[in-house]
Amino acid sequence: MAALEIHNVSKDFGSERVLKDVSISIDSGEFLILVGPSGCGKSTLMNAIAGLEPVTSGNIYIDGEDVTWRPPADRDIAMVFQSYALYPSMTVRQNISFGLEMRKVPKPEREAAVERVADLLQITPLLERKPSQLSGGQRQRVAMGRALAREPKVYLFDEPLSNLDAKLRVDMRTEIKKLHQRLGTTIVYVTHDQVEAMTLADCIAVMRDGHILQLGSPDEVYNNPVDMFVAGFMGSPS
Ligand code: ADP
Ligand code: MG
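Residues numbered from 1 in each chain as written. Chains lettered and ligands numbered in written order. Predicted model: local features only at pLDDT ≥ 70, side-chain atom pairs only at ≥ 80, totals over all residues.

### Examining the environment of E111
Then comes step 1: Mapped onto the elements of the fold, E111 is located in helix α3 (residues 107-120).
Then comes step 2: Along the primary structure E111 and V67 are separated by 44 residues, whereas in three dimensions their C-alpha atoms are 30 Å apart. (Helix = DSSP H or I, 4+ residues; strand = E, 2+ residues; numbered from the N terminus.)

What follows is the structure, encoded as structure tokens:
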């Protein structure tokens, strides 16, 4: 059974159809990368999976359950956005713990989860700081820690590294890869960086104008692109 199944999903904003009959199935533990040019509908799809935007038609299943009409809080998903919105008045510890508190997780478990992700992301020395006392890379780690504390069925990352400088981006990419290997989590990850796509993905979905053009392994998509657009986008050899 798929960990996440997107079944014939379409989404209109007014008269504009932004997602056009999108179907993707992701196995448990799989790392799916979604790539495509700006405006093609990647964030809209992520928001639909998260339940932040209602779909116009189609269905979304998590672990076989139809969650299409469930609110975000009932979807067992954690999301890391491009603009990692941390709560400025809370410490790092409180930021990581807050989502668990909202879900009424008892305090000892919350504390254990904070220690676990802080250790994993090497942010233990930062736990009592406020976001304003952190660098961009450290903030991004905290945002990731907040998501990881939850242990949801599916993680959604929407261009999580695009605000970081090149060196940090490479470091974080390596860390995300290690995290995935260690935790075996199911991840949908949006990027417009082809190198990021090729290094992280088990599977790549190439999107254009609200359509999935190709879905396959990095090797397939890179070496056997379905058309010139995919070839150009992936930088495939001609
Ligand atoms: P991407 O993440 O691939 O850059 P988006 O999913 O953000 O693309 O946007 C896809 C299209 O949907 C764009 O044309 C964008 O202008 C439009 N769009 C996104 N969100 C909204 C919204 N809330 N209302 C109206 N149009 C939107
Ligand atoms: Mg986007």
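### Observations concerning unusual backbone geometry
Then comes step 1: Its identity as a non-glycine residue notwithstanding, D21 has a phi of 55°, on the positive side.
Then comes step 2: For D21, the position within the fold is in strand β2 (residues 16-26).
Then comes step 3: Given 14 C-beta atoms within a 10 Å radius, D21 is considered partly exposed.
Then comes step 4: In the Ramachandran plot, K104 falls in the positive-phi region, its phi being about 60° despite a non-glycine side chain.
Then comes step 5: On the secondary structure map, K104 appears in the loop between α2 (92-102) and α3.
Then comes step 6: Here K104 falls in the exposed class, since 6 other C-beta atoms lie within 10 Å of it. (Buried ≥ 20, exposed ≤ 12 C-beta atoms within 10 Å, placed from the backbone.)

### Quick notes on the pairing of strand β9 (residues 203-208)
Strand residues, when the strand is regular, have side chains that alternate between the two faces of the sheet.
Then comes step 1: In terms of residue burial, β9 counts as a mostly covered element, since 5 of its 6 residues are buried.
Then comes step 2: The sheet contact formed by strand β3 (residues 31-35) and β9 spans 4 bridges and is parallel. Following the sheet pairing, L34 is matched in β9 by A205.
Then comes step 3: Two strands pair when backbone bridges link them, and β9 and strand β10 (residues 211-216) are joined in this way by 5 bridges, in the antiparallel orientation. Its bridge partner lying in β10, I204 is registered against G216. (Pairing = 2+ DSSP bridges.)

### Quick word on the pairing of β2
Then comes step 1: Bridging between strand β1 (residues 4-13) and β2 involves 7 bridges; their strand directions are antiparallel. Bridged to I6 within β2 is I24.

### Quick look at the packing of α2 against helix α4 (residues 136-148)
Then comes step 1: Axis separation between α2 and α4 bottoms out at 8 Å; the angle between their running directions is 30°. Judged by the angle between their axes, α2 and α4 are roughly parallel. Read as a crossing pair, α2 and α4 show a hand that is right-handed. Listed contacts from α4 to V92, N95, I96 and G99 of α2 are V142, G145 and R146.
Then comes step 2: The residue makeup of the contact of α2 with α4, split by class, is 3 nonpolar, 3 polar and 1 charged. (Axes fitted to C-alpha atoms, helices over the stretch in contact; angles between N-to-C directions. Parallel < 35°, antiparallel > 145°, perpendicular 65-115°, else oblique. Left-handed = near helix turned anticlockwise from the far one by under 90°. Contact = placed C-beta atoms within 7 Å. Nonpolar A, V, L, I, M, F, W, Y, C, P; charged D, E, K, R; others polar.)

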